[in-house]
Amino acid sequence: MKNVSPKGHRILLMDDDRLFRWSMLKMLGDGGYVCCETVNGEEAVDHYREAKECGCPFDAVLLDLNIINGMGGKAAVRKLLEIDADARVILASGDVTSPVIASFKDYGFKAVLNKPFTMEELYHTLQQVLEEC
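Residues numbered from 1 in each chain as written. Predicted model: local features only at pLDDT ≥ 70, side-chain atom pairs only at ≥ 80, totals over all residues. Heavy atoms only, no water.

(A) Layout of the pairing of strand β2 (residues 34-38). Here strand β1 (residues 10-14) runs beside β2; their pairing, made up of five bridges, is parallel. Its bridge partner being in β2, Ile11 is matched across the sheet by Cys35. A crossover connection joins β1 to the parallel β2 through helix α1 (residues 18-30); in handedness this β-α-β unit is right-handed. (Pairing = 2+ DSSP bridges. Helix = DSSP H or I, 4+ residues; strand = E, 2+ residues; numbered from the N terminus. Right-handed = clockwise from strand over helix to strand, strands pointing away.)

(B) Representation of the sheet that holds strand β3 (residues 60-63) within the structure. Taken together, the five strands give an open sheet; going across it, the order is β2-β1-β3-β4-β5, and neighbouring strands pair in parallel fashion. Looking along the sheet, the strands with just one partner apiece sit at the ends: β2 and β5 (111-114). Looking at each pair of strands side by side, their axes are set apart by 20° on average, direction ignored. Lying on the sheet, helix α2 (residues 41-53) is in contact with β1, β2 and β3; it crosses β1 at an angle near 160°. The strands that helix α5 (residues 119-131) touches are β1, β3, β4 (89-93) and β5; relative to β5, the one it contacts most, it runs at about 175°. (Axes fitted to C-alpha atoms, helices over the stretch in contact; angles between N-to-C directions. Contact = heavy atoms within 4.5 Å.)

(C) Representation of the nonpolar core. Tyr48, Val61, Leu63, Leu80, Val89 and Phe109 are the most contacted members of the largest nonpolar core, which totals 22 residues. Counting residues per element, the ones that place at least two in this core are β1, α2, β3, α3 (73-83), β4 and α4 (99-102). The greatest single-element share of this core, amounting to four residues, is contributed by α2. Excluding residues that lie within four positions of it along the chain, Phe109 makes contacts with Leu63, Gly73, Lys74, Val77, Val89, Ile90, Leu91, Val100 and Phe104. (Core = buried A, V, L, I, M, F, W, Y, C linked by side-chain atoms within 4.5 Å. Buried < 20%, exposed > 50% of the residue type's maximum accessible area, 1.4 Å probe, protein only.)

Okay, here's the thing in structure tokens:
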């Protein structure tokens, strides 16, 4: 397994929980990642498209499955893959009963993180997904 340094890797985060986003921004920043946050799938898709068009694409995307006011991860991953078939999208959800969790690859996700997860699990998952490129 090659060692992928997080320095400079751009991560797009989508979650409607403000406290979760804050903690993720802190963890990702402490790990050397550059992170952009969004609150729903519509925003995530727009940010992803804009970043790709301007030549500074995101290296990975973390999507929550269920969003109260807006598009959730299941719909967002489809739209992201329409923009970029090689998008590296990770599902980060606390809804462990969802069939999407059990068969995440069938929906286009590269990996899944079950909330709550540790920093080590986050970094390990990101490294695995980034090594696939």
